[in-house]
Amino acid sequence: MRLGLCHWHILEAVPYKRLSTRWALQTHRKRVKQGTGKQQGIIIPPKTFCLKMPVMRTITRVAKQMAQSPVCGCQISVMPIRSIGFSPRQVPSDASFHSVSFSETDHPRVLITGGLGQLGVGLAKLLRKRYGKNNVILSDIRKPPDSVFYSGPFIYSDILDYKNLREIVVNNRITWLIHYSALLSAVGEANVPLARAVNITGLHNILDIAAEHGLRLFVPSTIGAFGPTSPRNPTPDLCVQRPRTIYGVSKVHAELMGEYYHYRYGLDFRCLRYPGIISADSQPGGGTTDYAVQIFHDAIKTGRFMCNLKPDTRLPMMYIDDCLRATLEVMEAPAPSLTMRTYNINAMSFTPEELAIEVQKHMPELEVVYDVDAVRQAIADSWPMNFDDSNARKDWGWKHDFDMAELVTTMLNYLNSGRLAIQAN
Ligand SMILES: NC(=O)c1ccc[n+]([C@@H]2O[C@H](COP(=O)([O-])OP(=O)(O)OC[C@H]3O[C@@H](n4cnc5c(N)ncnc54)[C@H](O)[C@@H]3O)[C@@H](O)[C@H]2O)c1
Ligand SMILES: C[C@@H](O)[C@H](N)C(=O)O
């Protein structure tokens, strides 16, 4: 990540706690207007205190060069933004962070927010296998079941509590943050103020903390970030995004803010737009695609499934193993391979009717009836039918393993084996 220094080079030697983005830009603009553009000094943000001397010399040299060159008509000198990066949120002067640095060979120290939902526990399991149990901390505002509590570090964290979040990141020397907390599409429509708080205000806390502490940040987006005016079959990475749910609006906001922080502050922001995710051992959290999980549970428990979407509602979907592997892969992808910071990923696309037919190949007795939920149907009708994920495939080698037939076999095997185990006990 490189930045034209002309936007940044007028930083004064003031105590860093007084430094703010707005202040720096105001001073810059004033200088430009006055035509002085002379350097008085350069701020040494807390992070750079721990930089080695050659880096400091580079900063000083570049600052001097900039002082000698006209402020405008800018000859663009570039330097890595992190060398001169500063915190987007003012911090108290006694905060003792910014001193943690990990070499490339160290394992990341990962914090997962909203980790007790459909996806977090599975992701923690995958990451712990790779980076070590104690290097991955799950967090949520809910009480974890015993199986989760005893399988690795768990901590209470409310993403709306900025200071608590910062304390967790500092005390645990976190280097990667996977931000899963959210209210999904259907529950979001049922409680818009809460969805706005968690999905938007909470995200602001996450972005600021990640930027201040130089974290690599993953925020999932969704097919729900598109709306009725987006191309729906297929939906490319870059197109009109005018979602009609608070969930979708908050996710577009997250994509744009993350990318803005990336270009503005050098935040290592990475984002995948997930399709509807289907899992056997975790329950979905109140979304529009939940039917595609429920059908398996009901098929096995009662042999009858009542679907809340119309039979011909086509949506992109993915088995959880593919989703979690994609997340790991994009987090590990070398930065130069990422030509974008937000990617569509996809695996399959089907309608309730097509899924029911596939399940009936294994369980011909399954009865499916339709009782359409108007809110969910309106949401689904505004979402992509097919996702174009060619950029993810080209840039960092994304490839799904599970198509619809494999998904159905895997789900039924898993749930049936669980049922047999219960019967045996
Ligand atoms: N599951 C999917 O199909 C899907 C698809 C696309 C994107 N995503 C995204 O992936 C992420 C994880 O999805 P999920 O299905 O696991 O969601 P989920 O609804 O199952 O879990 C979300 C978790 O966030 C927690 N949470 C709520 N408020 C919080 C707060 N103030 N502080 C901390 N945690 C809080 C909840 O307790 C819950 O455990 C979400 O951001 C979601 O938008 C999921
Ligand atoms: C698609 C996804 O974001 C989520 N499963 C929802 O339906 O809200």
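Up top is the structure.
Rules of the game
- Throughout this document, residue positions are counted from 1 along each chain, in the order its sequence is written.
- Just so you know, chain letters begin at A and ligand numbers begin at 1, following the order they were written in.
- Owing to the predicted nature of the model, reporting of local features is limited to residues with pLDDT of at least 70; listing and counting of side-chain atom pairs is limited to 80 or more, with chain, interface and lining totals taken over all residues.
- Heavy atoms throughout the structure, all of them, feed into the side-chain values; hydrogens and water do not.
- We count a stretch as a helix when DSSP gives it H or I for four or more residues in a row; a strand needs E for two or more, and each element gets its number in order from the N terminus.
- Partly exposed residues are those whose accessible area sits between 20% and 50% of the maximum for their type, while under 20% is buried and over 50% is exposed, using a 1.4 Å probe and protein chains only.
- For this analysis, residues touch if any pair of their heavy atoms sits within 4.5 Å.
- Each accessible area is a Shrake-Rupley result for a 1.4 Å probe, and residues are judged covered by the shown protein chains and nothing else.
- Salt bridges are counted wherever a side-chain nitrogen of Lys or Arg sits within 4 Å of a carboxyl oxygen of Asp or Glu.
- Near, as used in this document, describes a residue that has one of its heavy atoms within 4 Å of the molecule or strand being considered.
- The term polar contact refers here to a pair of N or O atoms within 3.5 Å; inside protein, the definition further demands a hydrogen-donor-capable atom paired with an acceptor-capable atom, and it admits residues adjacent in sequence only when both atoms are side-chain atoms.
- As a working rule, the residues Ala, Val, Leu, Ile, Met, Phe, Trp, Tyr, Cys and Pro are called nonpolar, Asp, Glu, Lys and Arg charged, and the rest polar, with Gly in that last group.
- Every axis corresponds to a line fitted to the C-alpha atoms, with the helix fit spanning only the stretch in contact, and the corresponding angles, defined between N-to-C directions, vary from 0 to 180 degrees.
- By definition in this entry, angles of less than 35 degrees are roughly parallel, angles greater than 145 are roughly antiparallel, angles of 65 to 115 are roughly perpendicular, and the rest are oblique.
- Take the far helix as the reference: if the near one is turned anticlockwise from it by less than a right angle, the crossing is left-handed, and if turned clockwise, right-handed.
- Side-chain rings of Phe, Tyr and Trp, where Trp is taken by its six-membered ring, are said to pair if the distance between their centres is within 6.5 Å; with planes under 30 degrees apart they count as stacked, over 60 as edge-to-face, and otherwise as tilted.

Chemist: Sorry, what's going on with the overall build of the protein chain here?
Modeler: The number of helices and strands found in the protein chain is 16 helices and 15 strands. Counting every position in the protein chain, which comprises 425 residues, the buried fraction comes to 53%. Intrachain contacts of the protein chain at a sequence separation of at least 6 include 79% that bridge at least 24 residues. Taken as a whole, the protein chain presents about 19800 Å² of accessible surface, with 54% of it coming from carbon and sulfur.

Chemist: Even after reading the chapter, I still don't get the pattern of salt bridges, so can you show me in this structure?
Modeler: Side-chain pairs of opposite charge can arise whenever the charged atoms involved come near each other. All told, the structure shown has 15 salt bridges when counted by the stated rule. Between R325 and E329 there is a salt bridge whose closest N-O contact spans 3.0 Å. With R325 and E329 both in helix α12 (residues 320-332), this residue pair falls four residues apart, about one helical turn. Overall, R325 belongs to the partly exposed group, its relative accessible area being 21%.

Chemist: Sorry, what's going on with the site of ligand 2 here?
Modeler: Taken together, the residues surrounding ligand 2 are L184, S185, T222, I223, Y247, G287, T288, T289 and W383. One of the side-chain N or O atoms of T222 is found 2.7 Å from an oxygen atom in ligand 2. A distance of 2.7 Å separates an oxygen atom of ligand 2 from a polar backbone atom of T288. When ligand 2 is considered free in solution it has 250 Å² of accessible area, and contact with the protein chains removes 93% of it. When the residues that make up the shell around ligand 2 are grouped by side-chain class, the tally is four nonpolar, five polar and no charged.

Chemist: Just to check I follow, could you spell out unusual backbone geometry for this structure?
Modeler: Keep in mind that most residues, glycine aside, have a negative phi and that most peptide bonds are trans. In this structure, the amide linkage connecting N233 to the following residue, P234, adopts the cis form with an omega of 5 degrees. By the element assignment, P234 lies in the loop between β8 (221-222) and α10 (246-265). Of note in this structure, R173 is not a glycine but carries a positive phi near 50 degrees. Mapped onto the elements of the fold, R173 is located in the loop between α7 (162-171) and β6 (176-179).

Chemist: Would you mind showing me how to read the packing of helix α11 (residues 291-301) against helix α13 (residues 352-362) here?
Modeler: Angle between the axes and distance between the axes: these two values describe a pair of packed helices. Packing of α11 against α13 brings their axes to within 11 Å, and their N-to-C directions diverge by 30 degrees. Considering their axes alone, α11 and α13 lie roughly parallel with respect to each other. Like other packed secondary-structure pairs, α11 and α13 cross with a definite hand, here right-handed. In this structure, α11 uses Y291, A292, I295, F296 and A299 to contact α13, whose residues at the interface are P352, L355, A356 and V359. Looking at side-chain class alone, the contact of α11 with α13 contains nine nonpolar, no polar and no charged residues.

Chemist: How do you make sense of the packing of aromatic side chains when you look at a structure like this?
Modeler: Here the distance between the centres and the angle between the planes together describe a pair of aromatic rings. By the definition in use, this model includes ten aromatic pairs. A ring pair is formed by Y343 and W396, whose centres lie 5.9 Å apart and whose planes are at 80 degrees; its orientation type is edge-to-face. With Y343 in strand β13 (residues 342-344) and W396 in helix α15 (residues 390-396), this pair connects stretches of sequence that are 53 residues apart. By relative accessible area, Y343 is classed as buried at 1%. Judged by its relative accessible area of 12%, W396 falls in the buried class.

Chemist: Would you explain α7 in this entry?
Modeler: It helps to recall that an α-helix has 3.6 residues per turn; residues three or four apart then point in one direction. Within the span of α7, buried status applies to Y162, N164, L165, R166, I168 and V169. Contacts from the buried residues of α7 go to β3 (110-113), β5 (154-156) and α9 (192-212). Positive backbone phi, approximately 50 degrees, marks R173, located one or two places after α7.

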